[in-house]
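A look at the structure
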Amino acid sequence: MNRSAGSYVTTTTLGELVQAFVPHPLPPTEPALEPGSFIDLNRHAELALTRLSGVSGLVPSVDRARPCPV
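What counts, and where the lines are drawn
Residues numbered from 1 in each chain as written. Predicted model: local features only at pLDDT ≥ 70, side-chain atom pairs only at ≥ 80, totals over all residues. Heavy atoms only, no water. Buried < 20%, exposed > 50% of the residue type's maximum accessible area, 1.4 Å probe, protein only. Helix = DSSP H or I, 4+ residues; strand = E, 2+ residues; numbered from the N terminus. Pairing = 2+ DSSP bridges. pLDDT = per-residue confidence, 0-100. Phe/Tyr/Trp six-rings, centres within 6.5 Å; stacked < 30°, edge-to-face > 60°.

Moving on: the pairing of strand β2 (residues 16-23). Counting buried residues along β2, only 0 of its 8 residues qualify, which leaves the element largely exposed. With 8 bridges connecting them, strand β1 (residues 6-13) and β2 associate as antiparallel partners. Directly across from V9, in β2, lies its bridge partner A20. Connecting β1 to the antiparallel partner β2 that follows it, the hairpin turn spans 2 residues, and L14 within it adopts a positive phi of roughly 55°.

Shown next, in the form of structure tokens:
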């Protein structure tokens, strides 16, 4: 499967040869983007975010760890 995002074309500007990157048009048509193929990946990502959110409350705050200036 070709996974390049585009191609380079050679052109001239002010008499100098330059290469310009031209991206493929969006959305890609090959391979077709099937919504069903992302269900498991999305579920795993949501679970990871939930776990991260849950343990973030266990990390002490830096502001609370410092003594208050008098």
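Glancing now at the confidence of the model for the chain. Taken as a whole, the chain shows an average pLDDT of 82; of its residues, 77% reach a score of 70 or greater. Mean pLDDT across the secondary structure elements of the chain bottoms out at helix α2 (residues 62-65), with 65, and peaks at β2, with 93.

On to unusual backbone geometry. Of note, the phi angle at L14 is positive, near 55°, even though the residue is not glycine. Following the sequence through the fold, L14 ends up in the loop between β1 and β2. Its relative accessible area of 89% is what places L14 among the exposed residues.

Tallied over the entire structure, the rule returns 1 aromatic pair. Centre to centre, the rings of Y8 and F21 are 5.3 Å apart; their planes meet at 65°, and the pair counts as edge-to-face. Within this pair, whereas Y8 is found in strand β1, its partner F21 is found in strand β2, the two being separated by 13 residues in sequence.

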